[in-house]
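Spelled out, the chains give:
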Amino acid sequence: MVKQLCLHLEKIESEKGNITVASRSLVPPAYSYHSIGDFDVGKKGWGHQNFTANFARTEEFWQLQKLSYVSMRYTIGNGDGVRFEPWHIKIVS
Ligand SMILES: [Zn+2]
């Protein structure tokens, strides 16, 4: 919770105080699905490129799409108003 608050405040600062823009890519504390089981994935050796839309073009991404027990949390045009995050995975129960 404290870490998420720090990250969120840093994001707001980097967006020159625009909380709406900041919240599209870094949610406020208690609004992160990471605290209830979501996780981020990536391609080994890809570094920060994993956290871009380019991850959706990797073989690793397409392998994930075949798994019935996980899915993408933030698809294009998601209802949460969050940017497209192909690396952010939720567990499907
Ligand atoms: Zn995430």
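*Asks:* With reference to specific residues and values, describe the sheet that holds strand β3 (residues 85–91).
*Replies:* Taken together, the 3 strands give an open sheet; going across it, the order is β1-β3-β2, and neighbouring strands pair in antiparallel fashion. Each edge of the open sheet is held by one strand with a lone partner, namely β1 (39–40) and β2 (70–74).

*Asks:* Account for the domain arrangement of the protein chain, naming residues and giving values.
*Replies:* When the domains of the protein chain are assigned, the result is domain 1 (1–31) and domain 2 (40–93). Each of domain 1 and domain 2 was reduced to a C-alpha centroid, and the two centroids are 21 Å apart.

*Asks:* Could you give an account of the coordination of the zinc ion, naming the residues involved and the relevant values?
*Replies:* Listed as protein donors to the zinc ion are His34 (NE2), Asp40 (OD) and His88 (ND1); their distances from the metal cover 2.0 to 2.2 Å. Motif for the zinc ion, donor spacing along one chain: H-x5-D-x47-H. Here histidine 34 is found in the loop between α2 (19–25) and β1, whereas its partner histidine 88 is found in strand β3, with 54 residues between them in sequence. A relative accessible area of 3% places histidine 88 in the buried class.

*Asks:* An account of helix α1 (residues 2–14) is requested, with residue identities and associated values reported.
*Replies:* Residues spaced three or four apart along an α-helix face the same direction, because each turn holds 3.6 residues. Here α1 contains 13 residues, and its C-alpha end-to-end distance of 18 Å stays within 8% of the 18 Å for a straight helix at 1.5 Å per residue. Where α1 is concerned, the buried positions are Gln4, His8 and Ile12. Along the long axis of α1, the arc covered by the buried residues comes to 70°, so they all point the same way. Across α1 from its buried face, at more than 90 degrees, point the exposed residues Val2, Lys3 and Glu13. Tucked into the core, α1 has its buried residues touching α2. Following α1 by one or two positions, lysine 16 adopts a phi angle in the positive range, close to 55°.

Conventions we followed
- Residues numbered from 1 in each chain as written.
- Predicted model: local features only at pLDDT ≥ 70, side-chain atom pairs only at ≥ 80, totals over all residues.
- Heavy atoms only, no water.
- Pairing = 2+ DSSP bridges.
- Helix = DSSP H or I, 4+ residues; strand = E, 2+ residues; numbered from the N terminus.
- Domains from an automatic or database assignment.
- Donors = N, O, S within 2.8 Å, 3.2 Å for Na, K, Ca; no water.
- Buried < 20%, exposed > 50% of the residue type's maximum accessible area, 1.4 Å probe, protein only.
- Expected span 1.5 Å × (residues − 1).
- Arc of directions from axis to C-beta.
- Contact = heavy atoms within 4.5 Å.

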